[in-house]
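Listed here are the chains, written in short residue letters.
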Amino acid sequence: FHEMKKRKINRIKDQIPEFLKDLAGVCATGTTLQQAIEIIAEIGRGDLYDEVEKMKKNLEWGGSLIDAFIEFSNRLKVPDLTRVVVVLMDVLRIGGDVTEALHLCARDAELERALAKERKVNMFIYVVIIYVAFMAFLGIMYMLFTMFFPSMFESGGSLFKSAVSKDELIWIMGQATMLQGLFSGIVAGVMGEGNILSGIKHSIVMLICTLGVLVSVA
């Protein structure tokens, strides 16, 4: 559910610059902001425009423009959009140039989108490094169970076998690897996307790999 919500928010963020540009373009023709919203709601498609359609209906039912924008922002709860709504509310209250404000907000949203993509690309290498480190840890554990421990059991004789069993070794090393996978995934989520919950998908992948290795050596 977190990933689904995050994807929806990302889609909305990607649509914000175009939405503001379209809104500014319609307002530049001399129409009011309310009329521009009604026009954009008819031609737009996507998650953001579904909420614009709700805002249009709110206005048709007699709601004020400021209240409609506040409800629009509260429903989506996207920080980038909230900043835009705050600016527009101030412009509407003081009677400023709405078209110019929309153009400025569109440029700001486009810059924010570009910076977010750049950060994601730059941090991707660190996620790869975390995966490589975990796979190295997993590979070492596999080699221990397939090459090192069997020879120790053979050379150690009954003394080594009585001290520790193969099942106990698998249990201990398996726990260590699962903890490594769990926390490595969380770190990958924080570094790659800035959110602990985003690391759960990485943890699940690493835990599945761990399970596969444990089953193969058991």
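Residues numbered from 1 in each chain as written. Predicted model: local features only at pLDDT ≥ 70, side-chain atom pairs only at ≥ 80, totals over all residues. Heavy atoms only, no water.

## Some thoughts on the layout of surface pockets
- The space that makes up the largest pocket amounts to roughly 880 Å³.
- Secondary-structure elements contributing two or more residues to the lining of the largest pocket are α1 (2-28), α5 (79-94), α6 (98-163) and α7 (166-193).
- Considering every element that reaches the lining of the largest pocket, the biggest residue donor is α1, with ten residues.
- The class makeup of the residues in the lining of the largest pocket is eight nonpolar, six polar and 14 charged. (1 Å grid on protein atoms, 1.4 Å probe; cavity = no way out; pocket = protein on both sides within 12 Å on 5 of 7 lines; lining within 4 Å. Points joined across faces, edges and corners; volume = space filled by probe spheres on them. Helix = DSSP H or I, 4+ residues; strand = E, 2+ residues; numbered from the N terminus. Nonpolar A, V, L, I, M, F, W, Y, C, P; charged D, E, K, R; others polar.)

## Quick word on the packing of aromatic side chains
- As enumerated under the stated definition, the model contains two aromatic pairs in all.
- With a centroid separation of 6.0 Å and an interplanar angle of 80 degrees, the aromatic rings of F19 and Y49 are classed as edge-to-face. Residue F19 is found in helix α1, and its partner Y49 is found in helix α3 (residues 47-60); the two are separated by 30 residues along the sequence.
- What makes Y49 buried here is its relative accessible area of 8%.
- Note on F19 and F72: the rings are 6.3 Å apart at their centroids and 50 degrees apart in plane angle, and the pair reads as tilted. Here F72 lies in helix α4 (residues 65-76) and F19 lies in helix α1, a separation of 53 residues in the sequence.
- Relative accessible area serves as the criterion here: at 1%, F19 is assigned to the buried category. (Phe/Tyr/Trp six-rings, centres within 6.5 Å; stacked < 30°, edge-to-face > 60°. Buried < 20%, exposed > 50% of the residue type's maximum accessible area, 1.4 Å probe, protein only.)

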